[in-house]
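# Summary of the model geometry
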Amino acid sequence: MNNSDQKLSAWNIKKLFLGNLLVGLVVYLSIDHGFKTPWDEQIFFYLNGSLQEGRTLWNNYWAFTNSKIFDNLSGLFLVSICLWYILLNRESLFQERLARVFLLIISVVITMIIISRGFELYYHQSPSQVLTPFVNINDLVSWIEVKTGTRKSFPSDHAAISFISVIFMWRYFGTPYGILVSFFALINASPRLVGGGHWFGDVAIGGVFLAFMVAIWMIYTPMLTLTRKIVCWVFAKEPLVGLSKNWK
């Protein structure tokens, strides 16, 4: 492990403080507005209004990207990117690559726990349930039925997981991975805005800043160092020693 790798896993109190201050400021300024931006309604009407009779390809695309099938494919895509990085990227040691992927997995799990537990009792209706006119995509597409509304739309779990993957892959995996997953994040976070499942604030405030908050606690603390030690300890055992050498 070189010096640059070491710097990636040390305490950085200044950035940790400034990052949490930024998150706290955003929460303070937006909580009285229900975590919405001034443009939430306009964005909803513009995007949802694009769903119209006769736009077959457009309607089917947004129906598919709002479905559970697409969610599963999105998860498979992220897993594939991580496996590609672990097995085929030889710019750093195998155990280092594995530690970075594990840190991303830990961050995603923490994010999901925060969303499911921290906001369990926070009722925040999606725009499809409170705004009219609303174009229900299920009225335009017959081959699949998708969920278009919820009482707990904040924060956007799709956006949070997508953007935390972007942050980690830019920082730890490299620029090509960061660019690829940035495009993926936009594709993965936008369908609910069109279908009516999320407000723009659910994505911009809930998703982005939740991902940012989790990421700074993972990046600017020695979490990567701890993950490295665990990975090295595990792969010091037989028969994993040979496996790590093969993928060095």
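These numbers come from a predicted model, not from an experiment.

Cut-offs and rules
Residues numbered from 1 in each chain as written. Predicted model: local features only at pLDDT ≥ 70, side-chain atom pairs only at ≥ 80, totals over all residues. Heavy atoms only, no water. Core = buried A, V, L, I, M, F, W, Y, C linked by side-chain atoms within 4.5 Å. Buried < 20%, exposed > 50% of the residue type's maximum accessible area, 1.4 Å probe, protein only. Helix = DSSP H or I, 4+ residues; strand = E, 2+ residues; numbered from the N terminus. Contact = heavy atoms within 4.5 Å. Phe/Tyr/Trp six-rings, centres within 6.5 Å; stacked < 30°, edge-to-face > 60°. Lys NZ or Arg CZ within 6 Å of the ring centre and 35° of its normal. Disulfide = S-S within 2.5 Å. Axes fitted to C-alpha atoms, helices over the stretch in contact; angles between N-to-C directions. Parallel < 35°, antiparallel > 145°, perpendicular 65-115°, else oblique. Left-handed = near helix turned anticlockwise from the far one by under 90°. Nonpolar A, V, L, I, M, F, W, Y, C, P; charged D, E, K, R; others polar. pLDDT = per-residue confidence, 0-100. Patch = residues over 30% accessible without salt bridge, like charges linked within 9 Å, V, L, I, M, F, W, Y side chains within 5 Å. Areas by Shrake-Rupley, 256 points an atom, 1.4 Å probe, with all protein chains shown as cover. Salt bridge = Lys/Arg side-chain N within 4 Å of Asp/Glu carboxyl O.

## Observations regarding the nonpolar core
With 41 residues, the main nonpolar core has L104, F163, F168, M169, Y172, F173 and V181 as its most contacted residues. Secondary structure elements with two or more residues in this core: α5 (68–88), α6 (94–118), α8 (157–173), α9 (175–189), α11 (200–219) and α12 (223–235). With nine residues, α8 is the single largest residue contributor to this core. Residue contacts for V181: discarding those within four places in its chain leaves L78, I81, S162, S165, V166 and M169.

## Brief notes about the environment of F35
Note that F35 resides in the loop between α2 (13–30) and α3 (40–48). You can call F35 buried: its relative accessible area is 8%. Along the chain, F35 and Q129 lie 94 residues apart, while their C-alpha atoms are 17 Å from each other.

## Notes on the packing of aromatic side chains
By the definition in use, this model includes 15 aromatic pairs. Look at Y85 and Y177: their rings are 5.5 Å apart centre to centre, the planes differ by 90°, and that puts the pair in the edge-to-face class. One end of the pair, Y85, is in helix α5; the other, Y177, is in helix α9, with 92 residues separating them in the sequence. Connected via pairs of aromatic rings, a cluster forms that spans F35, F119, Y122 and F154. If you follow K36 out to its NZ or CZ, it ends over the ring of W199, 3.9 Å from the centre.

## Details of unusual backbone geometry
Apart from glycine, the bulk of residues carry a negative phi angle, and the bulk of peptide bonds sit in the trans form. In this structure, the amide linkage connecting T132 to the following residue, P133, adopts the cis form with an omega of 0°. One can find P133 in the loop between α7 (127–130) and α8. In the segment running from F154 into P155, the intervening peptide bond is cis, with an omega of -5°. With respect to the helices and strands, the residue P155 is situated in the loop between α7 and α8.

## Focus: the state of the cysteines
Scanning the entire structure with this criterion turns up zero disulfides. Cysteine C232 remains unbridged, with the sulfur of C82 as its closest cysteine sulfur at 19 Å. By relative accessible area, C232 is classed as partly exposed at 37%.

## Section: the packing of α8 against α11
Look at α8 against α11: their axes get within 8 Å of each other, and the N-to-C directions meet at 40°. With respect to their mutual orientation, α8 and α11 come out oblique. Note on packing geometry: the crossing formed by α8 with α11 is right-handed. Between α8 and α11, the residues in contact are A159, A160, F163, I164, I167, F168, R171 and Y172 and V203, G207, V208, L210, A211, F212, V214, A215, M218 and I219, respectively. Per-class residue counts for the contact of α8 with α11 are 16 nonpolar, one polar and one charged.

## Thoughts on the side chain of S30
Among the structural elements, S30 can be located in helix α2. When sequence neighbours within four positions are dropped, the list of residues in contact with S30 reads F35, K36 and I205.

## As for the confidence of the model for the protein chain
Averaged over every residue, the pLDDT of the protein chain is 88; residues scoring 70 or more account for 92%. Taken together, the stretch residues 1–6 has pLDDT below 50 and engages in six contacts with residues farther than four places along the chain or on a different chain.

## A few points about a nonpolar patch on the surface
Taken together, the side chains of F102, I105, V109 and I113 define a hydrophobic patch exposed on the protein surface, amounting to about 330 Å² of accessible area. Counting through the fold element by element, I105 comes out in helix α6.

## Remarks on the packing of α5 against α9
Viewed as axis vectors pointing N to C, α5 and α9 meet at an angle of 170°, and their least axial separation amounts to 12 Å. The angle between α5 and α9 places the two elements in the roughly antiparallel class. Seen from α5, the contacting residues are F70, S74, F77, L78, I81, W84 and Y85; seen from α9, they are Y177, L180, V181, F184, I187 and N188. Taken together, the residues of the contact of α5 with α9 sort by class into 11 nonpolar, two polar and no charged.

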